[in-house]
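In case you want the letters, here they are:
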Amino acid sequence: MNTGNIVEKFELLSGIESDDAIKWRCVIDDACAYVYSKITAKELSASDERRVEFLCAVYAYRLYAMCRKDEASSFKAGDVMVTSPANEAEKAEKLWQDQLAKCSDLVKQERFLFGRVVI
């Protein structure tokens, strides 16, 4: 795992500068730990390693977006109105689900199965 690559990808996804990304380093590290705990492959090829690094960055971005969910998505000041095209947390969740599907061969999927109880 190349943490520098993951941080760079996180910065690109989130749009924040390197100086601000330092504040989110513990979140990035936690995202990496979570993603790597779900990897099923014993050894990863260089290509698979890059896919997992991107998945870590996307998960970190998802956490980042969830933390910033309460920020305004639009405001109006006089005749000027500024609106975000979509909720960042929703975009981050969609990106996470898409990348998770693309890495399904590397990541164990945990599904909840509700059965019946017989007494």
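Coordinates for the structure precede this section.
(A) Local environment of the overall build of the protein chain. Counting its regular elements, the protein chain contains five helices and two strands. Helices and strands in the protein chain line up, N terminus first, as α-α-α-α-β-β-α. When the accessible surface of the protein chain is summed, it comes to about 8,400 Å², and 53% of that surface belongs to carbon and sulfur atoms.

(B) Geometry of the packing of helix α1 (residues 3–14) against helix α4 (residues 46–67). Running from N to C, α1 and α4 cross one another at 45°; their axes reach a closest spacing of 8 Å. If you check the angle between α1 and α4, you find them oblique. Regarding α1 and α4, the two cross each other, and that crossing is right-handed. When α1 is examined against α4, the residues N5, I6, K9, F10, L13 and S14 are found in contact with a partner set consisting of R50, E53, F54, C56, A57, V58, A60, Y61 and Y64. Tallied by class, residues from the contact of α1 with α4 come to 10 nonpolar, two polar and three charged.

(C) Here's a closer look at the packing of aromatic side chains. Applying the stated criterion across every chain yields a total of five aromatic pairs. Centroid distance F10 to Y64: 5.5 Å. Interplanar angle 85°. Geometry classified as edge-to-face. Pair noted here: F10 is in helix α1 and Y64 is in helix α4, with a separation of 54 residues, a long-range link. Here F10 matches Y64 in class, with each residue buried.

(D) Quick look at the nonpolar core. Of all hydrophobic cores here, the largest spans 29 residues; its most connected members are F10, I28, V35, L55, W96 and V107. Top contributing element to this core by residue count: α4, with 10 residues. With residues up to four places along the chain from it excluded, the contact list for W96 reads Y34, V35, L55, V58, Y59 and R62.

Each value, and the rule that gives it
Residues numbered from 1 in each chain as written. Predicted model: local features only at pLDDT ≥ 70, side-chain atom pairs only at ≥ 80, totals over all residues. Heavy atoms only, no water. Helix = DSSP H or I, 4+ residues; strand = E, 2+ residues; numbered from the N terminus. Areas by Shrake-Rupley, 256 points an atom, 1.4 Å probe, with all protein chains shown as cover. Axes fitted to C-alpha atoms, helices over the stretch in contact; angles between N-to-C directions. Parallel < 35°, antiparallel > 145°, perpendicular 65-115°, else oblique. Left-handed = near helix turned anticlockwise from the far one by under 90°. Contact = heavy atoms within 4.5 Å. Nonpolar A, V, L, I, M, F, W, Y, C, P; charged D, E, K, R; others polar. Phe/Tyr/Trp six-rings, centres within 6.5 Å; stacked < 30°, edge-to-face > 60°. Buried < 20%, exposed > 50% of the residue type's maximum accessible area, 1.4 Å probe, protein only. Core = buried A, V, L, I, M, F, W, Y, C linked by side-chain atoms within 4.5 Å.

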